[in-house]
Amino acid sequence: MLKCRAVWKKLAPLARESSTLCRQSVRRAGLNNGRPVRVQVAGMSSGPLGEGGENKLYFLLVAAAGLGGVAYAYKVVKDDQRAYLERMSRSHRTATQKVAVPSKPHAVPEPEPQAAPLSQEPSPGAPDAEAVAPSETTEPLPADQPVVEASPAEAAEPPAALLVEEGPPSAAELTEPPPAPVEESESTATAAEPAEPLPEVVAESEPTAAAAAETPAAEPAEAQPKVVAESADSTSASQKILSHAPYLLIGGGTASFAAARSIRARDPGARVLIVTDEPDLPYMRPPLSKELWFSDDPSVTETLRFKQWNGKERSIYFQPLSFYIHPEELNSAENGGVAVLTGKKVIHMDVRGNKVKLDDDTEISYDKCLIATGGVPRNIQAIERAGEEVTKRTTLFRKIEDFKSLEKVSRNIKSITIIGGGFLGSELACALGRRSTESGLEVIQMFPEKGNMGKVLPEYLSNWTTDKVKKEGVKIISEALVKSVSYRDDKLEIQLKDGRLVKTDHIVAAVGLEPNVDLAKSAGLEVDSDFGGFRVNAELQARSNIWVAGDAACFYDIRLGRRRVEHHDHAVVSGRLAGENMTGASKPYWHQSMFWSDLGPDVGYEAIGIVDSSLPTVGVFAKATAKDTPKAATEQSGTGIRSESETEDTAISPVASSAPAPTVAEQKDNYGKGVIFYLRDKVVVGIILWNVFNRMPVARKIIKDGEEHADLNEVAKLFNIHDD
């Protein structure tokens with residue numbers, strides 16, 4: 001309106017002057033008896049003199065000024081009206097939210113009278129406010145409520161953003177959200193909202209104010225209800241998106257992770273889904289019975305970080321959480337990725353339909369599938385029959401939770417008995433034996449063999465190892481067969497078949513692993529009757545689009561025949577091979593996996609092939625030096641997990657030592673370092689490197705060649721055990 005007055009003040013003198021000239025022209029025409037007289041009037045017309053040019057200009061100027069003033073007035077009135085309605089709408093929404101979702105759970109505020117009954121913002125082209133439908137929960141405007149007109153500055157302000165409003169949205173907002181201006185600023189969006197904590201129900205239904213504040217300013221508000229709808233029913237959304245996985249890996253252990261890495265290496269855009277019944281991401285199991293027990297960190301059970309023998313620190317997990325993508329984003333990821341679905345177990349497998357069923361009834365179809373279900377620890381029948389009191393004081397050691405539980409138990413009791421003399425039992429015995437010197441914990445290890453590791457090592461070396469374990473503070477009970485276990489007077493009583501009685505506070509059963517073949521029945525897969533596990537061919541294939549790797553695979557070794565191996569490096573090797581074959585490599589199993597065990601940081605060995613104490617053996621030993629320990633080996637290789645430094649390379653031309661020929665092991669009584677050969681039909685089928693490290697490619701080549709050797713002393717020279 002102010003601009004209209006200014007324009008009128010400028011045009012009014014021109015209009016008055018034009019009117020005066022017109023009247024003078026009429027008078028002159030009358031005095032000349034009606035004859036037209038041309039009078040030159042400067043500055044009033046751009047056309048030719050006379051002929052009514054002055055009148056035309058007058059009417060044009062007046063009409064233009066009038067139309068411009070009316071248009072501008074209409075625009076100003078509508079802008080003021082829109083700003084007023086938007087401000088009243090914000091006041092209405094704020095009051096409604098305070099009534100619907102109180103910030104204090106025990107004090108519900110009274111609803112305040114609203115300035116305007118609006119449920120959504122009007123469209124810019126709406127002629128009046130009556131066109132907007134009122135909300136059902138809005139009270140009419142009281143008669144005594146003052147109407148405040150918006151100032152020009154307020155009218156120019158953009159409306160406050162709706163991204164951070166508190167309280168659950170209405171049904172209309174979820175389906176048809178009101179339009180929000182694109183140019184809204186972050187400060188404007190947050191200024192109108194109180195800094196009170198949101199109730200729990202709000203956090204479940206929509207993003208919090210802090211999360212909305214991170215939204216870019218130019219992002220339209222229409223995207224918010226879509227996010228709210230997904231978060232309100234995340235389970236159904238997850239099931240919908242996870243209905244298909246091109247590569248499905250069942251099991252979350254080392255074999256699955258190695259396969260996923262191999263698949264992605266050969267197919268960078270592959271989408272891989274790992275399904276595991278454990279709550280953890282893929283992790284390595286060896287540190288659970290080795291390095292984690294030697295950590296000085298009191299919070300090691302929470303951090304799961306440990307120092308390797310070389311002093312370097314690392315996590316038990318193969319990769320951090322950031323390495324993986326969310327399962328819901330797997331099919332939409334541009335470059336694919338690896339997703340892990342934790343806490344879910346596959347209970348049924350439809351081989352013909354190429355799909356599996358989870359324990360929550362979710363079905364996932366696949367193109368290619370890997371079964372890497374691993375195994376479950378065996379128990380002793382005497383413990384299973386003993387009852388609940390004995391069972392809850394027994395640990396079957398396998399997972400992260402088992403380590404956490406046993407670590408806590410070992411700090412609160414006086415005696416632990418480990419049943420089993422194999423790899424796991426011996427490692428745990430040595431680890432807990434070190435703790436006995438600090439806390440006075442009694443550690444007992446019992447096994448049915450004559451010596452420690454009696455099923456693997458030759459008798460002379462098993463006896464030597466038994467003495468070594470005793471020096472670690474462990475009480476050894478050999479040739480022990482458990483007859484019964486009972487709980488009396490706050491103690492566990494282990495009755496042996498030869499009449500001996502052992503009392504203890506806790507039992508760790510480390511008596512082997514049972515391959516997990518629960519899916520064999522529903523999938524129609526063959527289980528090997530001799531070795532257990534899913535029976536597969538040399539390419540680790542059970543069906544045309546199903547592979548098996550890790551502990552659960554009973555595979556055909558093209559060099560050593562049918563086998564099943566329960567070691568970390570085999571899981572790495574078989575998982576890698578299965579992943580390659582799932583992408584079309586068609587490679588047979590030929591790379592011999594190795595395994596290793598450490599009896600503390602000073603004694604360790606690596607083995608390959610078939611190592612069975614029932615086979616004929618030939619051992620060659622030498623005096624050990626300070627460099628011949630697991631700790632020194634990891635310092636040199638830079639890794640604490642020795643199989644990670646393994647490659648598929650083989651020694652083509654090994655350089656033999658020039659030292660004198662070594663003597664046979666049986667003539668020695670100090671087995672510092674050496675090589676033990678396991679023979680079958682005069683052919684080497686297994687090798688143990690005792691405190692000899694970084695020579696595995698040589699051992700691998702010897703087994704791969706499959707030749708008879710007239711003098712194994714000469715073969716032992718290839719390992720340079722006499723070099724200082």
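Below you will find a few notes about this structure. (Residues numbered from 1 in each chain as written. Predicted model: local features only at pLDDT ≥ 70, side-chain atom pairs only at ≥ 80, totals over all residues. Heavy atoms only, no water.)

**Let's talk about helix α19 (residues 568-582)**
End to end, α19 covers 21 Å across 15 residues, agreeing with the expected 21 Å (1.5 Å per residue, within 8%). With 14 of its 15 residues buried, α19 lies for the most part within the structure. Downstream of α19 by a residue or two, G584 has a phi angle that is positive, lying close to 100°. (Helix = DSSP H or I, 4+ residues; strand = E, 2+ residues; numbered from the N terminus. Expected span 1.5 Å × (residues − 1). Buried < 20%, exposed > 50% of the residue type's maximum accessible area, 1.4 Å probe, protein only.)

**Focus on the environment of I476**
Checked against the element boundaries, I476 lands in strand β13 (residues 474-477). When its relative accessible area of 19% is taken as the criterion, I476 is described as buried. Separated by 55 residues in the primary sequence, I476 and G421 have C-alpha atoms spaced 9.7 Å apart.

**Quick look at unusual backbone geometry**
One non-glycine residue, E479, adopts positive backbone phi at about 50°. Within the secondary structure, E479 is located in the loop between β13 and β14 (482-488). E479 sits in the partly exposed class, given a relative accessible area of 48%. Of note, K682 is a non-glycine position whose phi angle comes to about 65°, a positive value. As for its position among the elements, K682 is in the loop between β27 (673-680) and β28 (683-690). Owing to a relative accessible area of 66%, K682 belongs among the exposed residues under this scheme.

**What to know about the sheet that holds strand β12 (residues 442-446)**
Strand order in the open sheet formed by 5 strands is β10-β17-β11-β12-β13, with parallel pairing between adjacent strands. This sheet does not close on itself; its edge strands, each paired only once, are β10 (394-396) and β13. Looking at each pair of strands side by side, their axes are set apart by 20° on average, direction ignored. Relative to strand β17 (residues 506-509), strand β11 (residues 415-419) runs parallel, the two being bridged by 4 bridges. Along β17, the bridge assignment pairs I418 with V508. Along the sheet face, helix α16 (residues 423-439) touches β11, β12, β13 and β17 and points at about 160° away from the line of β12. (Pairing = 2+ DSSP bridges. Axes fitted to C-alpha atoms, helices over the stretch in contact; angles between N-to-C directions. Contact = heavy atoms within 4.5 Å.)

**Details of the pairing of β17**
On any regular strand, side chains alternate: one points to one face of the sheet, the next to the other face. By the alternation rule, side chains of β17 split into H506 and V508 and I507 and A509, which are all buried. Where β10 lies against β17, 3 bridges are found, and the strand directions are parallel. Counted as the bridge partner of L396 is A509 from β17.

**Overview of the packing of aromatic side chains**
Across all of its chains, the model carries 12 aromatic pairs by this definition. Judged by centre distance (6.2 Å) and plane angle (55°), the ring pair of F257 and F323 falls under tilted. Linking F257 in helix α10 (residues 254-266) with F323 in the loop between β4 (313-315) and β5 (337-341), this pair joins segments that are 66 residues apart in sequence. Of the residues examined, F257 reaches a relative accessible area of 5% and is grouped as buried. Overall, the relative accessible area of 39% leaves F323 in the partly exposed class. (Phe/Tyr/Trp six-rings, centres within 6.5 Å; stacked < 30°, edge-to-face > 60°.)

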